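Each chain is listed here by its residues.
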2 protein chains.
Amino acid sequence: MGPDGAAPPRGRPRGGPRLTREKVLEAALMLVDRGGTEALSMRSLATELGVDAMSLYNHVANKDAVLDGIAELFLGRIDLPEPTGHWQRDVRALAAAFRRTAAQHPRAAPLVLTRQLASFKGLVGTESVLGILHAAGFPPEEAVHALRTVLAFLVGALLREVSSGPTFSGQNLGDLVERREELENSGLPHVARAAPHLAACNHEEEFDFGMDLLVAALEQRLRTRKRLPRRD
Amino acid sequence: MGPDGAAPPRGRPRGGPRLTREKVLEAALMLVDRGGTEALSMRSLATELGVDAMSLYNHVANKDAVLDGIAELFLGRIDLPEPTGHWQRDVRALAAAFRRTAAQHPRAAPLVLTRQLASFKGLVGTESVLGILHAAGFPPEEAVHALRTVLAFLVGALLREVSSGPTFSGQNLGDLVERREELENSGLPHVARAAPHLAACNHEEEFDFGMDLLVAALEQRLRTRKRLPRRD
DNA sequence: ACCTGAACACCGTTCAAGT
DNA sequence: ACCTGAACACCGTTCAAGT
């Protein structure tokens, strides 16, 4: 789909550095990686590419298309691990791969986590998960439910990881512990008691906890499903 | 905390309609509810309130503070259900309450789901969950892990629900089913087979599936935890 | 076919001035 | 103490013009 035929430059056959949709998006991702979404404007992007702002519109429809393109680039950067046949491990490995890319592009990650893309790129990850769950014994409908549940967790977890970014990591939480007695007096006894655990947040540990929980639940579901048809 | 003393108007004692932080934020939420985040600007907000744009800065620090304020308002609108003592039901009820508010303010919801707030408002929900999990038998540390896992799922699930809003609900997914043979040929056989289930998305059903999964997993964890200390 | 520059209709925010 | 208007330094995008 789409006008992606991208004929090679015809004028100068040798070393044409010409502007390209690809180049525009790569530069855009770099700008976001460097300075966050707010550092990306059509004008800053043009400057980065040494070109007039309006030239960009020959390769992308508008700024929104640039943001979609960054998300697509992000998805392409995820290298999907080869399934091993052990579905629990495979699901976890896939989630970990997504997470790794988010760690490499923390400021671009919200673009992928927040917008819904019509891209085919997103489907290859979907394909992989569905394949794994199918091999595990989940029928298609339940596999889709499981996929969506894991994806929802992934989105929420990664969004938390990347947006507590380098700016103020757990700063307000740090205050929390110190105000402990204040919390107890304001009717928040459980928050007060859990304050040390609320103040600390080891992202990897939290991520693993959640994935453990989900995988365990899926496993349990699979067991009861296998038992039923046999009609013991 | 904060300069919220808010002395009553002194000039005209009677019926002063004066601008207020509260009024500014209410108007801001209304604008977002009506036209989405992009309809909110300091200037449109001022116009809505029949005032010069600069007057707003007497009540809020800047636009970012307005967005935080909207999120706070949102949190305040959630009416937390009274715990019944049945923790599975209580956790679910709490999540459902959050979800209900998101349904009432679909365009404002991303503000709450996306930014991390330093507000005390967020803590009362936390308190509630921790209380429920404590009563269920979870020690504080594990309760915090569980809270974060459920919250991550909640964020991801609601983000999907609200951003596939009235604009193009499942439109690209609709195409999916029709391209079935195309999908099979492009190496996406599992996507092809699950296409009808991928194309449809009953948000409530998906939400319940995920919550069921999480609650079941927590229950299982609680059981093994209870068995262990007894050292059978 | 691709790039350019001026121009339009917006932004958030500062600052000096009003009352 | 609160509100105002002009002004600054930005935006995304259209359009007519260049080559």
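Residues numbered from 1 in each chain as written. Chains lettered and ligands numbered in written order. Predicted model: local features only at pLDDT ≥ 70, side-chain atom pairs only at ≥ 80, totals over all residues. Heavy atoms only, no water.

## Notes on the protein's contact with DNA strand D
Here is step 1 of the chain: Around DNA strand D, the structure places 17 residues, and the nearest of them are A:Arg43, A:Met54, A:Tyr57, B:Ser55 and B:His59.
Here is step 2 of the chain: Take the atoms of DNA strand D that sit within 4 Å of the protein: sugar and phosphate atoms are 48% of them.
Here is step 3 of the chain: In this structure, a phosphate oxygen belonging to DNA strand D sits 2.9 Å away from a main-chain N or O atom of A:Met42.
Here is step 4 of the chain: Contact between DNA strand D and A:Tyr57: a phosphate oxygen at 2.8 Å from a side-chain N or O atom of the residue. (Near = heavy atom within 4 Å. Polar contact = N/O pair within 3.5 Å; in protein donor to acceptor, adjacent residues only side chain to side chain.)

## Describing the interface of chain B and chain A
A common way to express how large an interface is: the accessible area buried when the components associate.
Here is step 1 of the chain: Contact residues are listed per partner, giving 61 residues for chain B and 61 residues for chain A.
Here is step 2 of the chain: Here chain B packs against chain A, burying approximately 5300 Å² in sum over the two surfaces, 64% of which is carbon and sulfur.
Here is step 3 of the chain: Three residues, B:Glu127, B:Arg148 and B:Phe209, lead the burial of chain B against chain A; their summed loss comes to 13% of the area buried on that side.
Here is step 4 of the chain: One can count 2 salt bridges joining chain B with chain A.
Here is step 5 of the chain: Its salt-bridge partner being A:Glu206, residue B:Arg148 comes within 2.8 Å of it at the nearest N-O pair.
Here is step 6 of the chain: Where chain B touches chain A, the interface holds 18 residue pairs in polar contact (both at pLDDT 80 or more).
Here is step 7 of the chain: Breaking the side of chain B that touches chain A down by element, the ones donating at least two residues are α5 (109-114), α6 (121-136), α7 (140-163), α8 (171-178), α9 (180-185), α10 (189-199) and α11 (203-230) of chain B.
Here is step 8 of the chain: With 17 residues, α7(B) is the largest single contributor of residues to the side of chain B that touches chain A. (Contact = heavy atoms within 4.5 Å. Buried area = accessible area lost by both parts, 1.4 Å probe. Salt bridge = Lys/Arg side-chain N within 4 Å of Asp/Glu carboxyl O. Helix = DSSP H or I, 4+ residues; strand = E, 2+ residues; numbered from the N terminus.)

## Brief notes about the UniProt feature "domain: HTH tetR-type" (unreviewed entry) in chain A
Here is step 1 of the chain: The positions UniProt marks with the feature "domain: HTH tetR-type" (unreviewed entry) are residues 18-78 of chain A.
Here is step 2 of the chain: What you have in residues 18-78 of chain A is 61% helix and 0% strand, and the ends, taken at the C-alpha atoms, are 28 Å apart. (UniProt positions renumbered as here; feature names shortened; annotations may be inferred.)

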